[in-house]
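Structure at a glance
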Amino acid sequence: MSSRIPLPYSPKVLKYFKNPKNLGPMENPTVEAMAGSPACGDMIRLYLRIADVGGEEVIKEATFESYGCAANIAAASVLTELIKGKTIKEAWKISWKEISDELGGLPPIKYHCSILAVGALKRAVRAYYGGKELPPWLPKELTAEERQTMEEEEMIERIYGRSPKMK
Ligand code: FES
């Protein structure tokens, strides 16, 4: 008999895990980005289709691939739902805590699953502006949340061992 205690996932986490929205790669995305580490599989890749709508850059479509746990799949799924239809500037402001709250709360041991999802979004936004002039709302320096993502990745790699970075 297993002695493992099930994690106290909220009904919403379980719902999104069992029936994820926007799952799968996107053909010809405007931009894509990943966060996490292929070393252990705690990883998310986010795809965005961005279009100019009346002079605003709007996320028309968002999909993801996840190789993480139930919380990671649920976080990525709810993130893609939240950012669809938002301008990039609005999407940039979404925090991992908002994702966790939207899911009815994550167990503390699973906060990093939400941090990785938002980290992928921040990287996708930076990749979108790569080589272009940054808009005034996008700081040149990495934000605390972006640094947090890198710390999570370093921790994952320390625990599971190094592996080549995915692009
Ligand atoms: Fe959920 Fe690491 S992505 S435990």
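Everything here concerns the structure above.
Quick summary incoming for the structure in this document. (Residues numbered from 1 in each chain as written. Predicted model: local features only at pLDDT ≥ 70, side-chain atom pairs only at ≥ 80, totals over all residues.)

Digging into unusual backbone geometry
- One non-glycine residue, Asn-22, lies in the positive phi region at around 65°.
- Summarising the element assignment, Asn-22 is placed in the loop between helix 1 (11-18) and strand 1 (31-36).
- You can call Asn-22 partly exposed: it has 19 C-beta atoms within 10 Å. (Helix = DSSP H or I, 4+ residues; strand = E, 2+ residues; numbered from the N terminus. Buried ≥ 20, exposed ≤ 12 C-beta atoms within 10 Å, placed from the backbone.)

So, the packing of helix 2 (residues 70-83) against helix 5 (residues 111-128)
- Packing of helix 2 against helix 5 brings their axes to within 8 Å, and their N-to-C directions diverge by 40°. By the angle between their axes, helix 2 is oblique relative to helix 5. Note on packing geometry: the crossing formed by helix 2 with helix 5 is right-handed. On helix 5, the residues touching Ala-71, Asn-72, Ala-75, Ala-76, Leu-79 and Ile-83 of helix 2 are Cys-113, Ser-114, Leu-116, Ala-117, Val-118 and Leu-121.
- Split by residue class, the contact of helix 2 with helix 5 holds 10 nonpolar, two polar and no charged. (Axes fitted to C-alpha atoms, helices over the stretch in contact; angles between N-to-C directions. Parallel < 35°, antiparallel > 145°, perpendicular 65-115°, else oblique. Left-handed = near helix turned anticlockwise from the far one by under 90°. Contact = placed C-beta atoms within 7 Å. Nonpolar A, V, L, I, M, F, W, Y, C, P; charged D, E, K, R; others polar.)

Side note on the sheet that holds strand 2 (residues 43-53)
- Read from one edge to the other, the open sheet built from three strands follows the order 1-2-3, with strand pairing classed as antiparallel. Looking along the sheet, the strands with just one partner apiece sit at the ends: strand 1 and strand 3 (56-66). Pairs of neighbouring strands in the sheet enclose a mean axial angle of 25°, with direction left out of account.
- Sheet topology note: the strand 2/strand 3 ladder contains 10 bridges and is antiparallel. Bridge pairing links Ala-51 to Val-58 in strand 3.
- Packed onto the sheet, helix 2 meets strand 2 and strand 3 and runs at close to 165° relative to strand 3.
- Contacting strand 1 and strand 2, helix 5 crosses the sheet at an angle of about 145° to strand 1. (Pairing = 2+ DSSP bridges.)

With respect to the pairing of strand 1
- Extensive coverage of strand 1 is indicated by the burial of five of its six residues.
- Alignment of strand 1 against strand 2, held across six bridges, turns out to be antiparallel. Bridge pairing in strand 2 places Glu-32 opposite Tyr-47.

Points about helix 5
- Across its 18 residues, helix 5 extends 26 Å between first and last C-alpha, which sits within 8% of the 26 Å expected from 1.5 Å per residue.
- Helix 5 sits mainly inside the fold: 13 of its 18 residues count as buried. (Expected span 1.5 Å × (residues − 1).)

Here we look at the nonpolar core
- Ile-44, Leu-46, Ala-75, Leu-79, Ala-117, Ala-120 and Leu-121 are the most contacted members of the largest nonpolar core, which totals 39 residues.
- Mapped by element, the contributors of at least two residues to this core are helix 1, strand 1, strand 2, strand 3, helix 2, helix 3 (88-92), helix 4 (96-102) and helix 5.
- Counting residues per element, this core draws most heavily on helix 5, which supplies nine residues.
- Other than its neighbours up to four places away in sequence, Ile-44 contacts Met-34, Ala-35, Gly-36, Phe-64, Ser-66, Gly-68, Asn-72, Ala-76, Leu-116, Ala-117 and Ala-120. (Core = buried A, V, L, I, M, F, W, Y, C linked by C-beta atoms within 7 Å.)

A word on the packing of helix 5 against helix 6 (residues 144-160)
- Look at helix 5 against helix 6: their axes get within 9 Å of each other, and the N-to-C directions meet at 120°. Regarding the angle of helix 5 to helix 6, the classification is oblique. With respect to the hand of their crossing, helix 5 and helix 6 are arranged in left-handed fashion. Note on element contacts: helix 6 touches helix 5 through Glu-145, Glu-146, Gln-148, Thr-149 and Glu-152, opposite His-112, Ile-115, Leu-116, Val-118, Gly-119 and Lys-122.
- Residues belonging to the contact of helix 5 with helix 6 are distributed by class as follows: three nonpolar, four polar and four charged.

Here we look at the environment of Gly-68
- Examined against the element boundaries, Gly-68 turns out to sit in the loop between strand 3 and helix 2.
- Along the primary structure Gly-68 and Ile-44 are separated by 24 residues, whereas in three dimensions their C-alpha atoms are 7.1 Å apart.

So far we have only geometry, and geometry alone does not tell us how the molecule works.
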